[in-house]
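One-letter residues, chain by chain:
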Amino acid sequence: MTLKELAALLGGELHGPEDLQITEPAKIESAKEGAITFLSNLKYKHFLEGTKASAVLLDQANESIKLPYILVPNAYAAFVQVLKIFEPELHTSIRGISEFTFIDQTAHVHETVRAAPFVYIGPNVSVGKNTILYPGVVLLDNVIVGDDCVLYPNVSVRENCIIGNRVILQNGSVVGSDGFGFAPYEGKYIKIPQMGIVRIEDDVEIGANTTLDRATLGETIVRQGTKLDNLIQIAHNVVVGKHTVMAAQSGIAGSTEVGDNVSVGGQVAIVGHIKVGDGSSIAGKSGITNNVPEKSVMWGMPAMPITKFKRMEISMRRLPQMLQRIKDLEKELNILKNELEESRGIDGQETTND
Amino acid sequence: MTLKELAALLGGELHGPEDLQITEPAKIESAKEGAITFLSNLKYKHFLEGTKASAVLLDQANESIKLPYILVPNAYAAFVQVLKIFEPELHTSIRGISEFTFIDQTAHVHETVRAAPFVYIGPNVSVGKNTILYPGVVLLDNVIVGDDCVLYPNVSVRENCIIGNRVILQNGSVVGSDGFGFAPYEGKYIKIPQMGIVRIEDDVEIGANTTLDRATLGETIVRQGTKLDNLIQIAHNVVVGKHTVMAAQSGIAGSTEVGDNVSVGGQVAIVGHIKVGDGSSIAGKSGITNNVPEKSVMWGMPAMPITKFKRMEISMRRLPQMLQRIKDLEKELNILKNELEESRGIDGQETTND
Amino acid sequence: MTLKELAALLGGELHGPEDLQITEPAKIESAKEGAITFLSNLKYKHFLEGTKASAVLLDQANESIKLPYILVPNAYAAFVQVLKIFEPELHTSIRGISEFTFIDQTAHVHETVRAAPFVYIGPNVSVGKNTILYPGVVLLDNVIVGDDCVLYPNVSVRENCIIGNRVILQNGSVVGSDGFGFAPYEGKYIKIPQMGIVRIEDDVEIGANTTLDRATLGETIVRQGTKLDNLIQIAHNVVVGKHTVMAAQSGIAGSTEVGDNVSVGGQVAIVGHIKVGDGSSIAGKSGITNNVPEKSVMWGMPAMPITKFKRMEISMRRLPQMLQRIKDLEKELNILKNELEESRGIDGQETTND
C-alpha cells in the first residue's frame, strides 16, 4: 500500500512521497524499512531520529520533522486503524464443520458456522451465523451462542448459558461453572444447587482461563461491550455493567453489581453483595470492601479514595521516623517538666527565703 | 407441586391454601407468580409486600403476614431443600460411553459410567460407578476416580492421582500438575522430579481452572468434604483438612497444612511449610506468613488477628492527622521551651538585679 | 540398587553395608524400610532416630550417626540426583501418533513425535523430535514447537507462536491469547489487533493454567531456563529474562521487562512499562509500581526495599499505641502550659505587688 492510499483510508493529510510503499505497522523502536509508526506527542520527537520506520502518523507537526508523515486528528487512534488495515485475515484454517466435530442431532448450527475438530455441540444448542469454534470448545445443553463470535481453544460453556453477538472468548475461559454455594450443616457443607445461568451480552471479550460462575437462581451477567482480561473470577449472581474493563487476576464475589464504564486494575478483589458505581476506577491490588460511589477513584486494601490512600501511604513510609519524633517529644517534655519542677522548687525556696 | 405437598416434604406447617401450585423457587425480588421464596428475618418483612411470589418459607411468623407461607425451623435451610426438590435432572445428555471416547484396553471403567465424546481414559485408569465424564476430560495412567463423581469439561487428572467418591471437578480444573520444584545450580534451575500424587478424598468440590500440584514425594491431599472455589493454587505436598472452604484465587504454598473446618477468603496467600489450625478463619486478601493457631481469625498482609488489624487500620487512616499532631506538638513544645528559657532569663536578671 | 552402587553413582563416600538394597528415595518422616533419605544439617540429626529409612545422604557426619550413610558434598543436591535415578520413566503411554490425532496436511511433525488422541495440529505447524503432545493439546497455524518438549493435557498454543527445545507446558496453560488491548472511543472500547506472537526459549517450564498473551506488535518473550508456576498472567509485550522464577498467581502487566535471575514470590503484581533489574527478588503479594534496580529485594504494596518495609511494618503494629502516646503528650503538654501560665500569672501578680 502506498502512503497516499493509506492517508486516504485514514482521512489524513499526506506529507511525503505519494508512492512510498508501506508494508506494515510497527513500534517506533523496532520498526524496519517500509513500516509506519506513530507519535502522539512531539515531546518525544527525538525518537524519530533513531527509528528505521519509513513514515509516521502525527497529530501535531512542525518543520523539524524530516520523516514522511500523515497528519491525522489523533495519531494513536489512527494507528489502531492501521493495525486493523494490516491485520492478516484470521481464522482462515477453520473451514466449515470438521468431520471430527460432535454435533447433537437436536442442535441448531447455522450453515455459516465453522467448527474445528474435537468441538462438542450438545443437545438444543444454538450457534449463530459466522461464529467460529476452535478445537476443544464444549457447548453443553441448550447453550445459545450468537452471530460472529469466536470461541478459542478449550473454551467451555455450561448448560443453558446465553452468549450474545460478536463475543470473543479467549482460550480456556469457562462460562457457567457452578457458583460457590454451600450451606453449613452439622460441621459439613451441603451443596446449594446452582440453577441459574450466565448471560454474556454483545461485544464482550473474556480473557484466557477466566471463569464466570452461573447464578444460584437467575443470571450472572456481563453487559454489552465489557472486556475482561485473563484469569478473572466472576462469582454467581454478579452483574458487570456496560463498557467496563477489568485487568487480569481480579475477582468479584457473589451478587455484587459493578456499574457501567468502570475500570478495574489487576489483582483487585471486590467483596460480595455491594455496588460499584458507574464510572468509578479501582487501582490494581485494591480490596473493595464497601459500596463505591459513582466516579470514585479507589486504591488500597481495604480501599479508600486514592488521594487519601496516597497521603496515608506517604505517612506510612514516615512511620519509623514518626515513632522517633514521638520518643524525642516525650524525652523533651520530661526534661521540660523536670526543669519546671526544679525552677518552681527554687521559686518556692526563694519564696520561703523571702 | 402443591403448597401442601411441599410443606409435607419439608416437614413444615402449612399456612395457606393446600392446593396452591408451586412451580419454582425464586429470590424474593425476582420471584414470579407460582414461585416460593424465603425470608429468614421478619425485620425484612416489608420485602414481602413487593414480591410477586405466591408463597414464602418462614421460620418466624406474625399476623401481619398476608402471603401464604410454610413455617419451618430454618427458612434458609428449607429453601436449600426446595432448590434441590426443583433442581432439574442434571447430566441427562451424557448417556453411556460415546463412540468418540478413547478408553485404553487396560482401563477399568464401570458399566454405569457415562463418558462424552473426546474423553481420554488412559492405561490402568479406574472409574467408579455412576461417574460422569464430560467432553475434554483427560485421565492419565493409573488414575483412580471413585463412584458418583462429576468431571466437567476439560478437566485433566495426571498419572497416578486418586479421587474419592462424590467428588465434583468443575471445568478446566487440573489435578496432579508437576509441583514447582527446581534446585538452583550454577545460575540455572534443575527440575526436581515430582514423583508424588494428588489425593482427593470423598465429597470434595474443586472449582473451575483451579490447579492442584502433585507432591514431590508422597501426597498432596484435599480431605473429605472440603470445597475449593475457582482459580485456586494448591502447591506440592500441601494438605487441606476436612470440611474446609477456600474462596476464589487463593493460594497455598508448598508443604503447608491447613486444618479442618477452616474458612479462607478470596485472594489469600499462605506461605509454605506452616500450619493453619483447625477452625481458623482468614479474611480475604490476607497474606499468612506464620503458623496460625486454632480458631484464630486473621486479616492483613502480613496477617494478624483481625481485631488487631482493624485497630491498626483505623489508626492508619489517621496517620496524616497524627503526623500533623506531632508537628503541632513539636511546635508548641518549642514555644514552651523558649518561654521557659526567657522567663528563666528574666528570673536570672532579676536575681542579678537583687 | 545397592548402597554401594548408589554411592558410586553419586560420587559419594560409602559408610554402611555395601549390599544394602535401596528401593526408593523418601522424606525423612515418611520413609519406609529400603528408602534412602537426606539430612542437610546435623542440627536435625535427632530426626534420624525416628526414621525408618535404611540409609541417609549426609554432607557432614559424626560418630553418633548409627544409620548407614553416603557422605556427599551437598546432601540436598545429591538427593535431587537420587530422585532422578529413581524417577519412573514418564510418558510411556503416549506412543507414536494416535489415529485420533488431527494433523493438517501441511504440518511438519517429526517422525519421533508422540501425539495422543484429540490433539489438534494445524496448518504449517512444526513439531520437533521427541516432543510429546498429550490429549487436548491444540497447536494453531504456523506454531513452531522445538525438540524434546512436553505439552500436557489441554495446552493450547495460538497461531504463529514459537516454542524452543526442552520446554514443558503444564496442563491447561495458554500461549498466545490476545493481549488486553482496547482503545477507548466514544464511551466504548475498540479492539486493538494483537498481531505479535509469544516466543518461549529453551528449557522454560510454564505452570498449569498460566496464560501468556501475544504481543500487540513484535513478541512477548520468556527467555531461556525461566520457570513460571501455575495461574500466572504474562501480558502482551512483556519480556521475562533468563533463569528467572515466578511463583503462582503472580502477574506482569504489558510491556514490562523482568531481568535475568530474578525471583518473584506468589501473588505479586508488576505494573506495565517498567523494568525489574537482574538478580532482584520480590517477596510474595508485593505490588511493584516502579522500576526496580538490579539486585533489589522488595516487599509491600506499593513495594519498597524489604528492610524498609519490615521497619515500617513493625511501626504499623505500634500505631494504636503511638496514637495513645500522642494523646498523652498533648495532655501533658497542656498541663505544662497551664502550669507555666499559672506560675507566670503568680509571678505577674507578685510583680504588680512589688
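Residues numbered from 1 in each chain as written. Chains lettered and ligands numbered in written order. Predicted model: local features only at pLDDT ≥ 70, side-chain atom pairs only at ≥ 80, totals over all residues. Heavy atoms only, no water.

**Concerning the interface of chain B and chain A**
This is how it is decided: Whether two residues are in contact is decided by their heavy atoms, any of which lying within 4.5 Å being enough. When two components associate, each loses some accessible surface as probed by a 1.4 Å sphere; the sum of these losses over both components is called the buried area. Distance and chemistry together define a polar contact, namely a pair of N or O atoms within 3.5 Å, with one atom able to donate a hydrogen and the other to accept it when in protein, and with adjacent residues in sequence counting only for side-chain atoms on both sides. Put simply, DSSP H or I for four residues or longer makes a helix, DSSP E for two residues or longer makes a strand, and each gets a number counted from the N terminus.
Each partner contributes to the interface: chain B provides 62 residues, whereas chain A provides 72 residues. Together, the buried faces of chain B and chain A total about 5500 Å²; carbon and sulfur atoms form 67% of this surface. When residues of chain B are sorted by the area they lose upon contact with chain A, F118(B), K285(B) and R317(B) head the list and together hold 11% of the total. Taken together, the links from chain B to chain A amount to 22 residue pairs in polar contact (both at pLDDT 80 or more). For the side of chain B that touches chain A, the elements supplying multiple residues, two or more each, are α3 (75-86), β25 (227-228), β28 (245-246), α4 (306-317) and α5 (319-353) of chain B. Looking at the side of chain B that touches chain A element by element, the count peaks at 14 residues for α5(B).

**Points about the domain arrangement of chain A**
Here is the rule: Delimitation of the domains relies on an automatic or database domain assignment.
When the domains of chain A are assigned, the result is domain 1 (3-86) and domain 2 (155-301). Distance from the C-alpha centre of domain 1 of chain A to the C-alpha centre of domain 2 of chain A: 39 Å.

**Thoughts on the pairing of strand β36 (residues 297-300) of chain B**
Residues and elements named next belong to chain B. Filter applied, for reference: One bridge is not enough; two strands pair if DSSP finds at least two bridges between them.
In this sheet, β36 lies alongside strand β34 (residues 281-282) in parallel orientation, the contact comprising two bridges. Residue pairing across strands places I282 opposite M298, the latter belonging to β36. Sheet analysis places β36 next to strand β37 (residues 303-305), joined by three bridges and oriented antiparallel. Residue pairing in the sheet places M298 in a bridge with P305 of β37. Hairpin connection between β36 and β37: a loop of two residues separates the two successive antiparallel strands.

**Observations concerning the relation of the copies chain B and chain A**
As a reminder of what qualifies: Fitting of the copies onto one another was done by least squares over C-alpha atoms, counting residues only where both copies have pLDDT of at least 70.
Once turned by 120 degrees and shifted 0.1 Å along the axis, chain B lies on chain A with an RMSD of 0.1 Å. On the angle and the small slide along the axis, the relation comes out as a three-fold axis.

**With respect to the nonpolar core**
Stated formally: In plain words, nonpolar cores are sets of buried Ala, Val, Leu, Ile, Met, Phe, Trp, Tyr and Cys residues tied together by side-chain atoms within 4.5 Å. Under the scheme applied here, a residue whose accessible area is under 20% of the maximum for its type counts as buried, over 50% as exposed, and between as partly exposed, the area being computed with a 1.4 Å probe on protein chains only.
Residues L139(A), L139(B) and L139(C) are the most contacted members of the largest nonpolar core, which totals 178 residues. Leave out the neighbours within four places in its chain, and L139(C) touches Y120(C), I121(C), G122(C), V125(C), V127(C), L133(C), V145(C), L151(C) and V157(C). Ranked by size, the runner-up nonpolar core spans 43 residues in total, among them I306(A), F309(A), M322(B) and M322(C).

**Re the sheet that holds strand β29 (residues 251-252) of chain C**
Residues and elements named next belong to chain C. Pairing within the open sheet is parallel, and its ten strands lie in the order β6-β9-β12-β15-β18-β23-β26-β29-β32-β35. What marks the edges here is a single partner per strand, and that holds for β6 (102-103) and β35 (287-288). Bridge count between β6 and strand β9 (residues 120-121): two bridges; the pairing is parallel. Residue pairing for β9: F102 is matched across the bridge by Y120.

**What to know about the packing of aromatic side chains**
One pair of aromatic rings is described through two measures. These are the centre distance and the angle between the planes. Spelled out, the test is: In this analysis, rings of Phe, Tyr and Trp, with Trp reduced to its six-membered ring, are considered paired at centre separations within 6.5 Å, and the interplanar angle assigns stacked below 30 degrees, edge-to-face beyond 60, and tilted for intermediate values. In this scheme, the term charge over a ring applies when either NZ of a lysine or CZ of an arginine sits within 6 Å of the ring centre and within 35 degrees of the ring normal.
In total, this model carries 30 aromatic pairs over all chains according to the counting rule given. Aromatic side chains F118(B) and F118(C) sit 5.7 Å apart centroid to centroid with 75 degrees between the ring planes, which places their arrangement in the edge-to-face category. One end of the pair, F118(B), is in the loop between β8 (114-115) and β9 (120-121); the other, F118(C), is in the loop between β8 (114-115) and β9, on a second chain. Residue F118(B) is classed as buried on the basis of its relative accessible area, which comes to 8%. Aromatic ring contacts, followed pair by pair, group F100(A), F102(A), F118(A), Y120(A), F100(B), F102(B), F118(B), Y120(B), F100(C), F102(C), F118(C) and Y120(C) into a single cluster. The ring of Y152(A) is capped by R158(C), whose NZ or CZ atom sits 3.5 Å from the centre of that ring.

**Section: the sheet that holds strand β4 (residues 55-58) of chain B**
In a beta sheet, neighbouring strands pair by backbone hydrogen bonds and run either parallel or antiparallel. All names here are of chain B. Selection rule: Throughout, an axis means a line fitted to C-alpha atoms (over the contacting stretch in the case of helices), and angles, computed between N-to-C directions, take values from 0 to 180 degrees.
Here five strands make up an open sheet; going across it, the order is β1-β5-β4-β3-β2 and the pairing mixed. Of all strands in the sheet, those bounded by a partner on one side alone are β1 (13-15) and β2 (24-25). As paired elements, strand β3 (residues 35-39) and β4 share four bridges and run parallel to each other. Paired with L39 across the bridge in β4 is L58. Across the face of the sheet, helix α1 (residues 3-10) comes into contact with β1, β3, β4 and β5 (69-71) while running at roughly 20 degrees to β5.

**Some thoughts on the pairing of strand β3 (residues 35-39) of chain C**
Residue and element names in this part refer to chain C. Burial runs high along β3: four of the five residues are buried. In the sheet, strand β2 (residues 24-25) pairs with β3 via two bridges, with the strands oriented parallel. Note that in β3 the partner of E24 across the bridge is A35.

**Digging into the side chain of T256(A)**
Residues and elements named next belong to chain A. Note that T256 resides in the loop between β29 (251-252) and β30 (257-258). For T256, the side chain forms a polar contact with the main-chain nitrogen of H273, separated by 3.0 Å. When near neighbours in sequence (up to four residues on either side) are disregarded, T256 contacts N237, V238, V239, I270, V271, G272, H273 and I274.

**Regarding the interface of chain A and chain C**
Heads up, the condition is: Salt-bridge detection follows one rule: a side-chain nitrogen of Lys or Arg within 4 Å of a carboxyl oxygen of Asp or Glu.
Contacts between chain A and chain C engage 61 residues on the former and 71 residues on the latter. When the two sides are added together, the surface that chain A and chain C hide from each other amounts to roughly 5500 Å², 68% of it contributed by carbon and sulfur. Among the residues of chain A in contact with chain C, F118(A), K285(A) and R317(A) are the three that bury the most area, contributing 11% of the side total. Scanning the region where chain A abuts chain C turns up three salt bridges. Between E330(A) and R325(C) there is a salt bridge whose closest N-O contact spans 2.9 Å. Inspection of the region where chain A meets chain C yields 22 residue pairs in polar contact (both at pLDDT 80 or more). Counting residues per element, the ones that place at least two in the side of chain A that touches chain C are α3 (75-86), β25 (227-228), β28 (245-246), α4 (306-317) and α5 (319-353) of chain A. Looking at which element gives the most residues to the side of chain A that touches chain C, the answer is α5(A), with 13 residues.

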